[in-house]
Amino acid sequence: HLLRIAEEPRQFCEFDTADFHEGRLFFYKPADVIVLNQSLEGMSEAKQKQVLATLTENLVPKGTLVVRVDVERQFLPETLHKTGETVFQRN
């Protein structure tokens, strides 16, 4: 995906990407925010659960997961609670 960020926020943000098809789900350090943009579409339920659990483990406490598509609550780890329509926060 193409991501354009103004120069000023780049001084305060670091970006990393995961490749679900290649199995690279881990980041080089815990994330404050993870954004999924249709990344779960086409995955089996078991794979969605695995990916969401791994991403949640890679969030800092109180970190935020933003999921662009509706996700079944049963697929989300218990350590996440809903704070918005598609926004979840780690305990």
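Since this is a predicted model, take the numbers as computed values, not measurements.

Right, let's get into the overall build of the protein chain. Along the backbone of the protein chain there are two helices and four strands. Across the protein chain, helices and strands are ordered from the amino to the carboxyl terminus as α-β-α-β-β-β. Counting all 91 residues of the protein chain, 27% fall into the buried class. Carbon and sulfur atoms form 49% of the exposed surface of the protein chain, whose accessible area is close to 6600 Å².

A word on the sheet that holds strand β4 (residues 87-90). With respect to topology, four strands assemble into an open sheet ordered β1-β2-β4-β3, the strand pairing being mixed. The open sheet has two edge strands with one neighbour each: β1 (31-36) and β3 (80-82). Taken over all neighbouring pairs, the strand axes of this sheet differ in orientation by 25° on average, direction set aside. Bridge count for β3 against β4 is three bridges, and the pairing is antiparallel. Paired with Lys82 across the bridge in β4 is Phe88. The strands that helix α2 (residues 45-57) touches are β1, β2 (59-67), β3 and β4; relative to β2, the one it contacts most, it runs at about 140°.

This next bit is on the side chain of Thr56. When you line up the elements, Thr56 lands in helix α2. The class of Thr56 is buried, set by a relative accessible area of 3%. One polar contact links the side chain of Thr56 to the main-chain carbonyl oxygen of Leu52, over a distance of 2.7 Å. Sequence-distant contacts of Thr56, that is, excluding residues within four places in its chain, are made with Pro77, Thr79, Leu80 and Arg90.

The rules behind these values
- For every chain, the first residue of its written sequence is number 1, and the numbers climb from 1 along that sequence.
- Side-chain atom pairs in this predicted model are given and counted only at pLDDT of 80 or more, local residue features only at pLDDT of at least 70, and totals for whole chains, interfaces and linings cover all residues.
- Only hydrogens and water are set aside when side-chain values are computed; all heavy atoms of the structure are taken into account.
- Helix and strand labels come from DSSP, where a helix needs a run of H or I of at least four residues and a strand needs a run of E of at least two; each type is numbered from the N terminus.
- We call a residue buried when its accessible area falls under 20% of the maximum for its residue type, exposed when it is over 50%, and partly exposed in between, using a 1.4 Å probe and counting protein chains only.
- The Shrake-Rupley method, run with a 1.4 Å probe sphere, supplies the accessible areas, and residue values consider only the shown protein chains as cover.
- Here, strands pair whenever DSSP counts at least two bridges between them.
- Each axis is a line fitted through C-alpha atoms, and for a helix only the stretch in contact is used; angles between axes span 0 to 180 degrees, taken between their N-to-C directions.
- A contact between two residues is defined here by any heavy atoms of the two lying within 4.5 Å.
- Pairing of N or O atoms within 3.5 Å defines a polar contact, subject to two protein rules: one partner must be a possible hydrogen donor and the other a possible acceptor, and residues neighboring in sequence count only if both atoms are side-chain atoms.

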